[in-house]
Amino acid sequence: MGIIAGIVDELGVVDIINERLGTDPREQISAGLVVKAMILNGLGFVSAPLYLFEQFFKGKATEHLLGTGVSSEQLNDDRLGRVLDGLYVSGITSVFVELCLSAVNRYGLSCERAHLDATSMSVTGAYLNSGQGVPVASTVPIAICHGYSRDHRPDLKQFVMNLVCWGDGDIPAFLELADGNQSDKARFAEVIEQFQHQWDFNGLYVADGALYSADNLKQLNSLRWISRVPMTLSAANTLIEEIDESAFHASALAGYRMAEVGSNYGDIRQRWLVVESSQRQRSDLKALEKRLDKTTRRIQTQLDQLSRQSFACKADAQQAIERFEKTLKHHLITQVAIVEKLHYDVAGRPAKTATPTTIHYHIQATLTLNADVVERQQRRAGRFILATNMLAMSTVETDAIAPNNVRLTADDILSEYKAQQGVERGFRFLKDPLFFASSVFLKSPERIMALAMIMALCLLVYNLGQRTLREALNTAHESIPNQVGKPTQTPTLRWVLQSFMAIHLVTINGQKQILNLDENHRRILRFLGSAAQEYYLLC
């Protein structure tokens, strides 16, 4: 945990939190140190949620990590709850942005690209709605309620986390917590507006399809952006199916083809980039084939059942097959025939002169795939559309959007959008079972909001450490062993932290010593800097 403690110290978390929340000489441990302890707990990767906060630090070098005189008993639920309340009162977003600003200044982050995304965070238990209970601040807390669950848990209540990360290292830059039933499309433009107030950002925004609506694009005004175009737009569906093959050209990014067209959607002049991924195409075609095969078997069973059904007249049978045909999306009904079946009261073969007592009618038909529909689905495979207001040529419009003559090629647009995966990786990190997202002792939306800020702060610290290590390895043209012993310049910080788990601090005859620290550990610490090295007695 010394690596995490070193990053927290270098970031200045303790001082910033103490300045925002204040200190009291009667406190045994300051709010800043409690936050540092929560980060150590959150990044311990040992499935120790915050309701076991005190137990987490038992047997650990608490004084060495947090300061002289600090004990695990001081890190109790009561102190933790008061600090969470204090963070909420101080303003979740403003506190987090101040810490992000410290990261930019201390680590020299590039602030040219900002990636926006949102996720839902499920919680268990019953929570009071706003206006019930006793509020701890004048700020209205979020509503923890049911909404669209990205975790496929519609049975659980949730809240939504809106997060903006820098393109440099996927470092968080802005956090907003919202009601569990938030509509991303209705909120994203407002999130960007708030981000602008905090950062005065003049770079490029990248977001998924939730940002792309006529109203949002107008609200963004002269800001530069890249967004995925949702397939709910009829123009997008038509383009992706009907674009001519000759319009595509190979991308510099392996496995991609692209075609570029102009668009004026929402009265905003922009570029649409139809992207085709060969890997995604193979996956989509395989999924389509599997889906069509399953659908064909199901519909054939339904058609067989319909064929065994008796009808009183031809008209009824004809109406039944027509109703059935209207339910089909990828299939056609061919060779339709209405067949008479005569019924006699006499058993056995009827005489030629016998008159049937009743006549029933049955349907005979053949089920086939609709070749045109299937072909359109196949053309869609592996394709999606990206849009940007960064126009290719220098015009009055592009000069207003990009005064510094920043231009993006089609490959640039795709590369920037692929970097959006960094925010998604951050969300997966926050939802990891070894993280402390399911802290059951939190009883109020206010404390849930404060805990969510701590979770995002853990992501900030983690990504800063990972970025620092990778940049140092790249600059030095060196590598370290990965999980299987092969050299890598892009290790995950999780693997590094796990490789340090057997290292212990002991005190012998009043002298601190570090056990099990080998040469590979020392190499890693040299790349991470002096703040981390101090916890391992290397400087």
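For the structure itself, consult the block above.
What comes next is a walk through the structure. Worth saying up front: this structure is predicted, and the values here are computed from it rather than measured.

What counts and what doesn't
Residues numbered from 1 in each chain as written. Predicted model: local features only at pLDDT ≥ 70, side-chain atom pairs only at ≥ 80, totals over all residues. Heavy atoms only, no water. Salt bridge = Lys/Arg side-chain N within 4 Å of Asp/Glu carboxyl O. Helix = DSSP H or I, 4+ residues; strand = E, 2+ residues; numbered from the N terminus. Buried < 20%, exposed > 50% of the residue type's maximum accessible area, 1.4 Å probe, protein only. Pairing = 2+ DSSP bridges. Contact = heavy atoms within 4.5 Å. Axes fitted to C-alpha atoms, helices over the stretch in contact; angles between N-to-C directions. Patch = residues over 30% accessible without salt bridge, like charges linked within 9 Å, V, L, I, M, F, W, Y side chains within 5 Å. Areas by Shrake-Rupley, 256 points an atom, 1.4 Å probe, with all protein chains shown as cover. Lys, Arg positive; Asp, Glu negative; His and termini not counted. Charge placed at Lys NZ, Arg CZ, Asp CG, Glu CD. Phe/Tyr/Trp six-rings, centres within 6.5 Å; stacked < 30°, edge-to-face > 60°. Lys NZ or Arg CZ within 6 Å of the ring centre and 35° of its normal. Arc of directions from axis to C-beta. Expected span 1.5 Å × (residues − 1).

## With respect to the pattern of salt bridges
- For the coordinates displayed, the defined rule picks out 25 salt bridges.
- For the salt bridge of Lys36 with Asp9, the shortest nitrogen-to-oxygen distance reads 3.0 Å. Of the two residues, Lys36 sits in helix 3 (residues 31-42) while Asp9 sits in helix 1 (residues 2-11), which places them 27 residues apart along the sequence.
- Note that Arg113 is salt-bridged to Glu416, the shortest N-O span being 2.8 Å. One end of the pair, Arg113, is in strand 1 (residues 113-123); the other, Glu416, is in helix 15 (residues 410-418), with 303 residues separating them in the sequence. Here Arg113 matches Glu416 in class, with each residue buried.

## A word on the sheet that holds strand 1
- Taken in spatial order, the 9 strands line up as 3-2-1-4-5-11-8-7-6 in an open sheet, and their pairing is mixed. Of all strands in the sheet, those bounded by a partner on one side alone are strand 3 (172-178) and strand 6 (249-250).
- In this structure, strand 4 (residues 204-207) lies alongside strand 5 (residues 224-228), joined through 4 bridges in parallel fashion. Within strand 5, the residue paired with Val206 across the bridge is Ile226.
- Its contacts with the sheet put helix 16 (residues 421-430) on strand 1 and strand 2 (157-166), and the angle it makes with strand 1 is roughly 25°.

## Topic: unusual backbone geometry
- With a phi angle near 50°, Gln335 is a residue other than glycine that sits in the positive phi range.
- Position of Gln335 relative to the elements: it lies in strand 9 (residues 331-343).
- Gln335 gets classed as exposed once you look at its relative accessible area, which sits at 64%.
- Not every positive phi belongs to a glycine, and His477 is a case in point at roughly 55°.
- Relative to the assigned elements, His477 resides in the loop between helix 17 (445-476) and strand 12 (480-481).
- Using a relative accessible area of 70% as the deciding quantity, one classes His477 as exposed.

## Notes on a positive patch on the surface
- Residues Lys286, Lys290, Lys294 and Arg298 make up a contiguous surface patch of positive charge.
- With respect to the secondary-structure elements, Arg298 resides in helix 11 (residues 278-307).
- What makes Arg298 partly exposed here is its relative accessible area of 48%.

## Quick notes on the pairing of strand 3
- Among the 7 residues that make up strand 3, 7 are buried, leaving the element largely enclosed by the rest of the structure.
- Where strand 2 and strand 3 come together, 6 bridges link them in antiparallel fashion. By the bridge assignment for strand 3, Val160 is matched with Ala178.
- What sits between strand 2 and strand 3 in their antiparallel hairpin is a turn of 5 residues, with Gly169 showing a positive phi close to 80°.

## Considerations on the packing of aromatic side chains
- One pass over the structure, following the stated rule, counts 14 aromatic pairs.
- For the pair Phe429 and Tyr462, a centre-to-centre distance of 4.6 Å together with 35° between the ring planes defines the contact as tilted. One end of the pair, Phe429, is in helix 16; the other, Tyr462, is in helix 17, with 33 residues separating them in the sequence. Both residues of the pair, Phe429 and Tyr462, belong to the buried class.
- Site record: aromatic cluster; members linked through ring pairs are Trp166, Phe174, Phe195, Trp199, Phe201 and Tyr205.
- Lying across the ring of Phe248, Arg257 places its NZ or CZ 4.5 Å from the centre.

## Description of helix 15
- Restricting attention to buried positions, one finds in helix 15 the residues Ala410, Ile413, Leu414, Glu416 and Tyr417. The buried residues of helix 15 occupy an angular sector of 160° when the element is viewed end-on, so they sit on one face.

## Considering helix 12 (residues 314-326)
- Helix length check: helix 12, at 13 residues, gives a terminal C-alpha distance of 19 Å against a target of 18 Å (1.5 Å per residue), a fit within 8%.
- Within the span of helix 12, buried status applies to Ala317, Ala320, Ile321 and Phe324. Viewed along the axis of helix 12, the buried residues span an arc of 90°, placing them on a single side of the element. With respect to the buried face of helix 12, the exposed residues turned more than 90 degrees away are Arg323 and Lys326.
- In this structure, the buried side of helix 12 is in contact with helix 11, strand 9 and strand 10 (358-369).

Function cannot be read off these values alone, since they describe shape.
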